[in-house]
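Here is what each chain is made of, one letter per residue.
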Amino acid sequence: MTTLSWGAEAWAEVRLSLDHCIKCTVCETACPVAAVTGLFPGPKTVGPQAERFRAGEHSPDLSVDYCSGCGICSRVCPQEVRIAELNSRARAELKRERGIPLRDQLVARPGLLGRTGRPVAPLFNWAMANPLIRYLGEKTVGIHRKAPVPKSVGRTFSYWVSHHRSVPRERRVVYFHGCSTQWYEPHVGQKVVAILEHNGFQVVAPRQDCCGLPLQSNGIFDAARQAATRLARQLSVSGTEELPIIASSTSCGLMMKREAREILGADTAELRSVSSRTYDIFEFLLELHQRGELRTDFKPVPLTVAYHAPCQQQNQLIGKPALEVLRLIPGLRLLELDRSCCGIAGTYGVKREKYDIAMQVGEPLFADILAAGPDLVACDSETCRWQISGATGATSVHPLEILHRAYGGS
Ligand code: SF4
Ligand code: SF4
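Just so you know, the residues in each chain are numbered from 1, in the order the chain's sequence is written. Working convention: letters from A go to chains and numbers from 1 go to ligands, in the order in which they are written. At least 70 in pLDDT is required for a residue's local features to be given in this predicted model, at least 80 for side-chain atom pairs to be given and counted, and no such filter applies to totals for whole chains, interfaces and linings, which use all residues.

Caption draft 1: Spotlight on the overall build of the chain. Looking only at helices and strands, the chain has 22 helices and eight strands in total. Throughout, radius of gyration means the C-alpha value; the globule benchmark is 2.2 Å times the number of residues raised to the power 0.38. At 21 Å, the chain has a C-alpha radius of gyration in line with the 22 Å of a compact globule built from 410 residues. With respect to the principal axes defined by its C-alpha atoms, the chain has extents near 60 × 50 × 45 Å. Think of it as a crowd count around each C-beta: if 20 or more other C-beta atoms lie within 10 Å the residue is buried, if 12 or fewer it is exposed, and in between it is partly exposed, with C-beta placed from the backbone throughout. In the chain, buried positions account for 50% of the 410 residues. Whether two residues are in contact is decided by their C-beta atoms, placed from the backbone, lying within 7 Å. For the chain, the share of sequence-separated contacts (at least 6 apart) that also reach a separation of at least 24 residues comes to 78%. Put simply, DSSP H or I for four residues or longer makes a helix, DSSP E for two residues or longer makes a strand, and each gets a number counted from the N terminus.

So, in structure tokens, the structure goes:
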């Protein structure tokens, strides 16, 4: 059997971290999946403990497939053991040994579904909402019939931006919009452009494909590595090599900041450059504010908004910049939802065998939202927004949509 072609240096660093485990069980206490199912024995057991027996290839059991990849364990470990990263590689090896199911091949390619649905958006949306079709989809493909599925809006962000007349400015940024903005939520990208232009930037939005994160989390590493390196090339169009890159999807932003290099071992000069220049949009806006450069000509927004910081945003270790920026808006009543995970973890919670686990993981968050009864829920990650809306019926928006409204947008 051939092993995965990892960047040797990146992997060596991740694997060596297991020797720092002192068995304190902090990760076990924090893992949201181990808390709700006996199918997953916990991060310490599946991570550093099992890794000693894998000899680079084999997992001692199949339980690592139940790790959602939320990354909470790596974030809380006092010894900086790279538990989630160890699990990610072990899951990829497992998939390599056992084969990757068609279902996982499909959900790992959001562009495929987006391209299929766009020209026939009403039919696509009808099919995705039809109980019989969803039932058949669960039985045949393995996507849970109640799993949240985004709606196609029949248009793309790239089409909109290609017709958008931007004013040349001295200060420029590159916008990394991600697949959800491209195929399902072009309005999010339009608002990003409006906010950045309002603050005096010219926005460059080159053609771009998937970052490879769903491929990575489904264990399809070779294709994920190709996607990440291709995107790094696309985001490095001529004349923009030094510009900040602004990401509005926290999970895709984290992929380009760190995970493509640290988990996949992808290593090109373009990727290293892109990693060092990528900012979460609120991280960027908060830095502007701290330098006194953020426009604060806000109109009051008389709404109650409950904010959930998704795992992949918290894994960026940048605090909660969306909260800090939204707190500047007059009239806005902001509630911080202090829960760790909504359960969806990208594509994890849409799978037939994991849907119930994902819903149990998210239950404390859903209960807090239902108890608070906000006008809106704000969350930086698209799949988390879809999960929250599906589970609670609440309207979920990207926090930048609140900011856009405060700047006078609709
Ligand atoms: S938190 Fe870190 S040090 Fe503690 S048991 Fe987990 S892996 Fe080991
Ligand atoms: S990544 Fe998340 S689900 Fe996986 S072991 Fe760590 S905390 Fe648990």
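Caption draft 2: Main features of the environment of Ile220. With respect to the secondary-structure elements, Ile220 resides in the loop between helix 13 (213-217) and helix 14 (221-234). We classify Ile220 as buried; it has 22 C-beta atoms within 10 Å. Sequence spacing of Ile220 and Asp65 is 155 residues, and the spatial spacing of their C-alpha atoms is 13 Å. The residues contacting Ile220, other than those within four sequence positions of it, are Ile100, Ala108 and Leu215.

Caption draft 3: Seen up close, the site of ligand 1. Placing a C-beta atom from the backbone of each residue, we mark the residue near a molecule or strand if the atom is within 6 Å of it. Taken together, 14 residues are adjacent to ligand 1, and Cys21, Cys24, Cys27, Cys77 and Val81 come closest. Mapped onto the shell around ligand 1, the elements with two or more residues apiece are helix 2 (26-30) and helix 3 (43-51). For the shell around ligand 1, the element with the highest residue contribution is helix 3, accounting for three residues. Amino acid classes used here: Ala, Val, Leu, Ile, Met, Phe, Trp, Tyr, Cys and Pro are nonpolar; Asp, Glu, Lys and Arg are charged; the rest, including Gly, are polar. By residue class, the composition of the shell around ligand 1 is 10 nonpolar, two polar and two charged.

Caption draft 4: Main features of the domain arrangement of the chain. Domain annotation for the chain reports domain 1 (8-98), domain 2 (102-140), domain 3 (157-288) and domain 4 (296-406). Just the C-alpha atoms count here: the centres of domain 1 and domain 2 sit 32 Å apart. Segmentation into domains, and thus their bounds, comes from an automatic or database assignment.

Caption draft 5: Molecular detail of the nonpolar core. By convention the nonpolar core is taken to be a set of buried residues drawn from Ala, Val, Leu, Ile, Met, Phe, Trp, Tyr and Cys and joined through C-beta atoms within 7 Å. Ranked by size, the top nonpolar core spans 110 residues in total, and within it Tyr175, Phe176, Cys211, Ala228, Ile246 and Met256 carry the most contacts. Here this core gets eight residues from one element, more than from any other, and that element is helix 20 (residues 355-372).

Caption draft 6: Main features of the site of ligand 2. By nearness alone, 14 residues border ligand 2, and Cys31, Pro43, Cys67, Cys70 and Cys73 come closest of all. Counting residues per element, the ones that place at least two in the shell around ligand 2 are helix 4 (72-76) and helix 5 (83-98). Here the element with the most residues in the shell around ligand 2 is helix 5; it accounts for three residues. Looking at the shell around ligand 2, its residues break down into 10 nonpolar, four polar and no charged.

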